[in-house]
Every structure is written in C-alpha cells, then in structure tokens.
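Fold and geometry: a report
Each chain is listed here by its residues.
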Amino acid sequence: KLSTTRLVTSAAISPDGESVVYSVRNGLRPSLWIRQLPSATNIEIIPPVDGGYYEIVFSPDGNSLFFSRGSDARRGQTDIFRLPVRGGIPQKLAADTQGWLSISRDGDRISFVRCAYTDDEYCSLWVANASDGGNEKKLVTSQRPIRIADNEISPDGTKVAFALGQSRNQANEFRLMEVGIDGGQQREITSEQFFNVKSATWLPDQSGLLVTAARIPNKYFRI
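Computed from a predicted structure; not experimentally measured.

As for its placement among the helices and strands, Ser31 is situated in strand β3 (residues 29-36). Residue Ser31 is classed as buried on the basis of its relative accessible area of 6%. Remark: the alpha-carbon pair of Ser31 and Gly99, spanning 68 residues in sequence, is separated by 17 Å. Residue contacts for Ser31: discarding those within four places in its chain leaves Tyr22, Ser23, Val24, Glu44, Ile46, Pro47, Pro48 and Tyr53.

So this is what it looks like as structure tokens:
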C-alpha cells in the first residue's frame, strides 16, 4: 500500500515505473503529489486548489503530466491541463470536458469528451494537440440519452476506442466502439455489452483492451 489515509482519489504510475503521482483530498481542496518509489519520498507538486482531480496521465516520455480538474466532471465543468513532472504552472489545454483523458503514444495528441446535454449533441468525442490544445477536432457525437464515457487513442495513433451507451434503463446497453482519427465510420469492437463502462485501456501490442465494466444483474465493476 502506498497510502492508508483514505484521502487519495486519483493516481498514475510513470512510464519507467519509478514514481507515482496522486491527488489527496483533504476537505474540498485537493493537492497533487509525486512519490519516488525507490526512496519512498513524497513531494507536493501542486498545492491545494478548489475542485477535484479526475484523470491523471503521464506523457509517454515521462516528463509531463496531463490531468483533468474541476468542480464536477458529471456536468462538463472539468478542464484539462499539462504540467512538467517537477512542478510549475499548469497549462490549460481544453475546457468543459468530462474528466476522461487519453494521450497518443507519440505524445502529440489528446482525446477527451464534452457533453452539452442537448437532444442532438448529448456528448461528443474530441482530439486536440497535446502541446497547446490547438486543432480541436470532433470525431463522434451522440444523441440523448446516449453518452460517451472513457476513451483511449490506439497505440498506432490511428483511432480512438470509446465507451458508448446509457445506464438509465437498468439494461446492458454500453458498447465498446472505435473511430478513426483522420476519418472513417464508427465500428463496434466487440458484441459484448455492459451496464456501465468505467475505463478502457489498449494493450501495448493493440491486440485487445483491458476494460473495467459492470453488467446486469451484478453491478459490481470487474476487469
């Protein structure tokens, strides 16, 4: 165990496996810390701020952190930032996102979700430059009540896998889909369906995905 305080809400391990970055919520003001695993040293890299941390991801080279932070990820009030691992001033890359965040293996692009919650544009999947958030591009739009959840750019950088569905009617209607970044139709990755999907991660060789999901009648999440 790296923590026994029950106050850690999000965490990510570095590509070299030498450190873990995690958020600590003490009251309503969380802070961001890095732990050097060989020495068990903890260093605060962002002092307490308002809101909460939802997703934390290392850049492929391990030099930068990407994270989503805001007051409420369920209502599109989460922003995506980039920060040098050793600390500094976070650079905002995207606003009004849902908290899910992915980075391409070359470190050039990020993917994320925005939800306007209108009938014709309930949720949308986007990609943008990882360096500055520029060149935003909308890949997929869903209609009410279908939402888009976790997403991840494939190891070869050509497509994005994402969870698409709803959980309001107590049925298994969440699917795993993929769409090309530079064009192409949506495609179903598997015929398996779920009550809800919390996360999806490509295997390094792109032969499959690890998925954290729940299925009716048992709503417990499994990998």
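Next up on the list: the sheet that holds strand β15 (residues 175-180). Pairing is antiparallel in the open sheet, where four strands are placed in the order β13-β14-β15-β16. Across the chains shown, the open sheet's two edge strands, defined by having one partner strand only, are β13 (147-153) and β16 (187-188). Relative to β15, strand β14 (residues 159-165) is paired through six bridges, and the arrangement is antiparallel. What sits directly across from Ala163, in β15, is Leu176.

Within this structure, the stated rule accounts for 10 salt bridges. Linking Arg29 and Asp50 is a salt bridge whose minimum nitrogen-to-oxygen distance equals 2.9 Å. With Arg29 in strand β3 and Asp50 in the loop between β4 (41-46) and β5 (52-58), this pair connects stretches of sequence that are 21 residues apart. Residue classification places Arg29 among the partly exposed positions, given a relative accessible area of 40%. Among the residues examined, Asp50 registers a relative accessible area of 59% and is labelled exposed.

Inside soluble globular proteins, nonpolar side chains tend to come together where they are buried. Counting 27 residues, the largest nonpolar core has Leu125, Leu139, Ile148, Phe162 and Val197 as the members making the most contacts within it. Among the secondary structure elements, those contributing two or more residues to this core are β11 (123-129), β12 (137-142), β13, β14, β15, β17 (196-202) and β18 (209-215). Ranked by residue count, the leading element in this core is β14, at four residues. Contact partners of Leu139, with chain neighbours within four places excluded, come to Leu125, Val127, Val160, Val179, Gly180 and Ile181. Of all hydrophobic cores here, the second largest spans 14 residues; its members include Leu32, Ile34, Tyr53 and Phe58.

Below, the discussion takes up the side chain of Arg69. Among the secondary structure elements, Arg69 is positioned in strand β6 (residues 64-70). An unpaired buried charge is present at Arg69: no salt bridge exists, and Asp79, the closest side chain of opposite charge, is 7.4 Å distant. In this structure Arg69 touches Ile46, Val49, Gly52, Tyr53, Gln77, Thr78, Asp79 and Phe81, once residues within four positions along its chain are discounted.

One can find Pro155 in the loop between β13 and β14. For the pair Pro155 and Asp106, spaced 49 residues apart in the sequence, the C-alpha separation amounts to 8.7 Å. Leave out the neighbours within four places in its chain, and Pro155 touches Arg105, Trp202, Leu203, Pro204 and Gln206.

Pairing in this open sheet of three strands is antiparallel, and the strands run β17-β18-β19 from one edge to the other. Pairing within the sheet leaves two strands with one partner each, and these edge strands are β17 and β19 (218-222). Direction aside, neighbouring strands of the sheet carry axes that sit 15° apart on average. Where β18 and β19 come together, two bridges link them in antiparallel fashion. Directly across from Ala213, in β19, lies its bridge partner Arg222.

In this section: unusual backbone geometry. For the bond from Arg144 to Pro145, the omega torsion is 5°, close enough to zero to count as cis. The residue Ala40 is not glycine, and still its phi comes out positive at about 60°. Structurally, Ala40 can be placed in the loop between β3 and β4. Overall, Ala40 belongs to the partly exposed group, its relative accessible area being 41%. Although it is not a glycine, Asn135 sits at a positive phi angle of roughly 55°. Within the secondary structure, Asn135 sits in the loop between β11 and β12. Assessed through its relative accessible area of 64%, Asn135 is described here as exposed.

The rules behind each value
Residues numbered from 1 in each chain as written. Predicted model: local features only at pLDDT ≥ 70, side-chain atom pairs only at ≥ 80, totals over all residues. Heavy atoms only, no water. Helix = DSSP H or I, 4+ residues; strand = E, 2+ residues; numbered from the N terminus. Buried < 20%, exposed > 50% of the residue type's maximum accessible area, 1.4 Å probe, protein only. Contact = heavy atoms within 4.5 Å. Pairing = 2+ DSSP bridges. Salt bridge = Lys/Arg side-chain N within 4 Å of Asp/Glu carboxyl O. Core = buried A, V, L, I, M, F, W, Y, C linked by side-chain atoms within 4.5 Å. Lys, Arg positive; Asp, Glu negative; His and termini not counted. Axes fitted to C-alpha atoms, helices over the stretch in contact; angles between N-to-C directions.

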